[in-house]
Amino acid sequence: MTSKLVTSLLRLVLISMLAVLLFFPERLKISFSYPFHGLFDNAYIRFAKGVVLFLFLYDLLRIFYYNIVKNPKAPKWLINVATLFVPLLVLLVFLEMVFMTISQSHEGNSTLASKIWFERYWSPVNEKGYRDEDHADSLGKTKVMVIGDSFAAGHGIKNVEDRFSNVLAQKLGDKYEVYNLGVSGSDTRDEYERFEKYGVKPDWMVLQYFPNDIEKAARDGGVVPQGFEPYSDVPGPTRPLFARSYLLNYIYWQLPHGNFAPYQDYAKRVYTDTTILNSHIRDLSRFVDYSKKNNVRLFVVIFPFSHNFEKTKMYTQPVETYFAQQQVPILEVSSVTKDLDPKDRIVGRNDAHASPLVNQRVGDALYKMLSANATAKADTMR
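Asks: Give me the lowdown on the sheet that holds strand S2 (residues 176-182), citing residues and values where you can.
Replies: Hydrogen bonds between backbone groups are what pair the strands of a sheet, and the pairing can be parallel or antiparallel. Pairing within the open sheet is parallel, and its five strands lie in the order S2-S1-S3-S4-S5. The open sheet has two free edges, formed respectively by S2 and strand S5 (330-332), since each of these has just one partner strand. Ignoring which end each strand starts from, the neighbouring axes of this sheet average 15 degrees apart. By the bridge criterion, six bridges tie strand S3 (residues 204-209) to strand S4 (residues 297-302) in an arrangement that is parallel. Paired with Tyr209 across the two strands is Ile302, which belongs to S4. Sheet strands touched by helix H7 (residues 188-198): strand S1 (142-148), S2 and S3. Its angle to S1, the strand with the most contacts, is close to 145 degrees.

Written out as structure tokens, the structure reads:
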């Protein structure tokens, strides 16, 4: 009996050390490197974590069975304590294993469930790292390039065919090649630099815009948004647990954290600051200048804050005015989705990105806009 206890305890110690290595690698100054590290939660590493937890449960129950259940000499108080806490610990570890399989998209991909979501649904990814097909055969086709941030990339959209650029591609047909250069977290300046680096000259260009695209220009002007610091509202010693435990992390992010009001104040400030706004307009003008110089038709799609269309328009009015002055057609997403219930505009309770229904409407409206422009251009050439 004693030998079984000693060997099981020794295995528990070794398994616990392996669990710390897998769940808290930063504590040991270890990092795991794999494609899209930081975006994806690698399935093989999760599997290894699950195996470690299973082995932990096995030896825990082995100790409980041989040293409590089958031991007639075990003190009664120890039996009572073990009978209370061992099943509870088994339940918690089992739930941890279950939540290692649950995915949920999240606004900023800051949750473990969100990283599982990306690992599971973020496809296809082409050779240039975009969530898009490789475009090997575009000869003789009209090239349409969609450029933007997470809304263009389809954050929260499980099936890429539900994304507005794919809806547009399906409607345009085989004579058109639609490229998607959407990257989560991108801003106007980054978008143009990526477009230049991509090295493909489009016939039509669709610039997807969101009110946070001004952030880099604002940062240059010394204004930085005050965001919520994850886990700052839980006791310090427990923060690593909430950050690394799939169960605790999921529960934590189901509760409200932070406040959107500071960002609204930030947006109001930067869009009314002449210096910052002029810098941002200069960034946007690079797209306009390129389109004029290279005879590329430019279109702009403006996505609003899903919960407040009115304030979004108030913030972005100077941007709309600039594009209107440059005779750039604008599609305001709010104009084709204002009849929708707010919950139907977003992909989920923790993710305010545009829902498949919104993407469908945007794709439809964009198709009509591009088709009308093509018809008008054909008429002028007759």
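Asks: Break down the confidence of the model for the chain for me, citing the residues and quoting the values.
Replies: Chain-level statistics for the chain give a pLDDT mean of 91 and a share of 97% at 70 or above. Within the chain, the element-level pLDDT minimum falls on helix H15 (residues 356-381), averaging 83, and the maximum on S3, averaging 98.

Asks: Mind laying out the packing of helix H4 (residues 112-121) against helix H10 (residues 246-254), listing which residues take part and the relevant values?
Replies: Contact geometry of H4 with H10 gives a least axis separation of 8 Å together with a crossing angle of 100 degrees. Relative to H10, H4 is oriented roughly perpendicular. Judged by residue contacts, Leu112, Ala113 and Ile116 of H4 engage Tyr246, Asn249 and Tyr250 from H10. For the contact of H4 with H10, the residue count by class is five nonpolar, one polar and no charged.

Asks: Break down the pairing of S3 for me, with residues and values.
Replies: Consecutive residues of a regular strand have side chains that alternate between opposite faces of the sheet. The element S3 is extensively covered by neighbouring structure, given that six of its six residues are classed as buried. Of the two faces of S3, both are covered, the one formed by Trp204, Val206 and Gln208 as well as the one formed by Met205, Leu207 and Tyr209. Bridging between S1 and S3 involves four bridges; their strand directions are parallel. Counted as the bridge partner of Met145 is Met205 from S3.

Conventions adopted
- Residues numbered from 1 in each chain as written.
- Predicted model: local features only at pLDDT ≥ 70, side-chain atom pairs only at ≥ 80, totals over all residues.
- Heavy atoms only, no water.
- Pairing = 2+ DSSP bridges.
- Helix = DSSP H or I, 4+ residues; strand = E, 2+ residues; numbered from the N terminus.
- Axes fitted to C-alpha atoms, helices over the stretch in contact; angles between N-to-C directions.
- Contact = heavy atoms within 4.5 Å.
- pLDDT = per-residue confidence, 0-100.
- Parallel < 35°, antiparallel > 145°, perpendicular 65-115°, else oblique.
- Nonpolar A, V, L, I, M, F, W, Y, C, P; charged D, E, K, R; others polar.
- Buried < 20%, exposed > 50% of the residue type's maximum accessible area, 1.4 Å probe, protein only.

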